[in-house]
Amino acid sequence: MGFNLAAHVRAGLPNPAPAPFKGFAPYYFIGGNNAGEALPIPELIDAATRALEKEGRNLAIYNLQTGPQGYRPLREWLVKRLKSWCQMDVTVDNILLTSGSLQALDLVHQVLLDPGDVVVVEGGTYGGTMSRLKDSKAEYVGVAMDDDGIIPAELEKVLAQIKAQGKRCKYVYTIPTVQNPTGTIMSLERRHALLEIARKHDLMIFEDDCYADLIWTGKRPPSIYSLDTEGRVVYCGSFSKSIAPALRVGYLVAKWDFIAQALPCKTDAGSGALEQTTLAMFCEQHFDAHVAKLTALFKQKCDAIQDALHESFGTAAEFRPPEGGIFIWVTVPEEVDTTKLAQAAAAAGVAINPGREWVADPESGKHSFRLCFGQPSFEQIKVGVAKLAEVCHEQFGVPLRSGNIERS
Ligand SMILES: Cc1ncc(COP(=O)(O)O)c(C=O)c1O
């Protein structure tokens, strides 16, 4: 009998990867990627050169001699940015640089969650968070939102249900500023209401501000973290969406007592230093101008994808124009099952996120899908959405005829 790996691996592993990477679909509307054409390559080359000149020899030392929280000058820059953009009063000691904000999510889960704990998430939320919560054996439950964010009365109802089941809610996970997947921004009033409810029930809030740099108007409400006086809120952000996801640099922001608990859980001996030093050099000089340019490009792509949806789906595709970011959440008539649509579209070279993977209650996402527009070109957006409508028409008769502008 030959060797059988399956007989050796631990119980409860996630499903194995389907196959080694074979490249992206030609029309790739998933994955939260950035726009390669907008990357400021000369400025990054200059920043990387200066970083190596200044810190090159320190690469010989774990953590570059600036401690396990990450490269200090980048944390110093973040202190200024978080103050001016999010109204947060923090010091370098409140910031832990991580390998993408995904590592920040992992650390928060590791610090806070016991098996069986419940996390309240927004009704539509980031698939990566839900899969992690499943792996950590915590439960999650969705709460209804509207265009202003989590609805306070609905949150109270959900918390009462959790209590009635004898379970404990540890925290509310929210993506308040350019929500994933809806692209909405939580109002200031709702931010206060959420904090008030958290105080009343003695919960923590985990604020994921991963897309908050990319807002069309260039204006945003203060972070929930900045409104909290007690240390009830932990916050994460990322350079993935503002600069480049392959750099893998994110950050966790919290009061020192939380950082002190998270640090021993971060067992990788430090996140990549060349990325952190390069970012420190780059951001000091170029971050604001770059983000303004990038956001303008994303707004154009966002307009282009809305035009393409109108053109190819007509009234069969409903969506709310996003307020920033790199994705749009689309709802189609109930005869369309978007999980099946995603499979058929993949066969035609169009990759989309079926709604079920982006909502807490899978049934509620059955007729929705998410399209990321950051990476594809304008041409790919136009042609890809037209192909998607074609597939949808073939499979479900919706839109009535491909390219029509009426649903019925
Ligand atoms: C809401 C949200 N949080 C966190 C992440 C993780 O991003 P990264 O690890 O690249 O910072 C993503 C990625 O798409 C996201 O959408």
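Thresholds, definitions, all that
Residues numbered from 1 in each chain as written. Predicted model: local features only at pLDDT ≥ 70, side-chain atom pairs only at ≥ 80, totals over all residues. Domains from an automatic or database assignment. Contact = placed C-beta atoms within 7 Å. Helix = DSSP H or I, 4+ residues; strand = E, 2+ residues; numbered from the N terminus. Nonpolar A, V, L, I, M, F, W, Y, C, P; charged D, E, K, R; others polar. Core = buried A, V, L, I, M, F, W, Y, C linked by C-beta atoms within 7 Å. Buried ≥ 20, exposed ≤ 12 C-beta atoms within 10 Å, placed from the backbone. Pairing = 2+ DSSP bridges. Axes fitted to C-alpha atoms, helices over the stretch in contact; angles between N-to-C directions.

> Quick question: what am I supposed to make of the domain arrangement of the protein here?
For interface size, the figure often reported is the accessible area lost on association. Looking at the assigned domains, one finds that the protein contains domain 1 (24-40 + 289-396) and domain 2 (61-271). Computed over C-alpha atoms only, the centres of domain 1 and domain 2 are separated by 26 Å. Contact with domain 1, which involves 25 residues of that partner, is made by 26 residues of domain 2. Only α9 (273-313) and β12 (327-331) provide two or more residues apiece to the side of domain 1 that touches domain 2. Broken down by class, the residue content of the side of domain 1 that touches domain 2 amounts to twelve nonpolar, seven polar and six charged.

> For this particular structure, what's the right way to read the nonpolar core?
The tendency in soluble globular proteins is for nonpolar side chains to be buried side by side. Among the nonpolar cores identified, the biggest contains 68 residues, and Ile205, Val234, Tyr251, Leu252 and Val253 are the most heavily contacted of them. The two domains that each donate at least three residues to this core are domain 1 (24-40 + 289-396) and domain 2 (61-271). If sequence neighbours within four positions are ignored, Tyr251 has contacts with Leu78, Ile95, Leu96, Leu97, Thr98, Ala104, Cys236 and Gly237. Residues Val178, Met186, Ala212 and Ile215 belong to the second largest nonpolar core, which totals 45 residues.

> Where do I start with the sheet that holds strand β7 (residues 169-174) in this structure?
Whenever strands of a sheet pair, they do so through backbone hydrogen bonds, lying parallel or antiparallel. If you trace the seven strands from one edge of the open sheet to the other, you get β2-β10-β9-β8-β7-β3-β4, paired in mixed fashion. Of all strands in the sheet, those with a lone pairing partner are β2 (95-98) and β4 (139-143), marking the two edges. Direction aside, neighbouring strands of the sheet carry axes that sit 20 degrees apart on average. Strand direction decides the pairing type here: strand β3 (residues 118-122) and β7, joined by four bridges, are parallel. Looking at β7, one finds that Val120 is bridged to Val172. Sheet strands in contact with helix α2 (residues 72-86) are β2 and β10 (250-253), and its direction is about 115 degrees off that of β2. Here helix α5 (residues 152-164) sits on the sheet and contacts β3, β4 and β7; the angle it forms with β4, its principal contact strand, is near 150 degrees.

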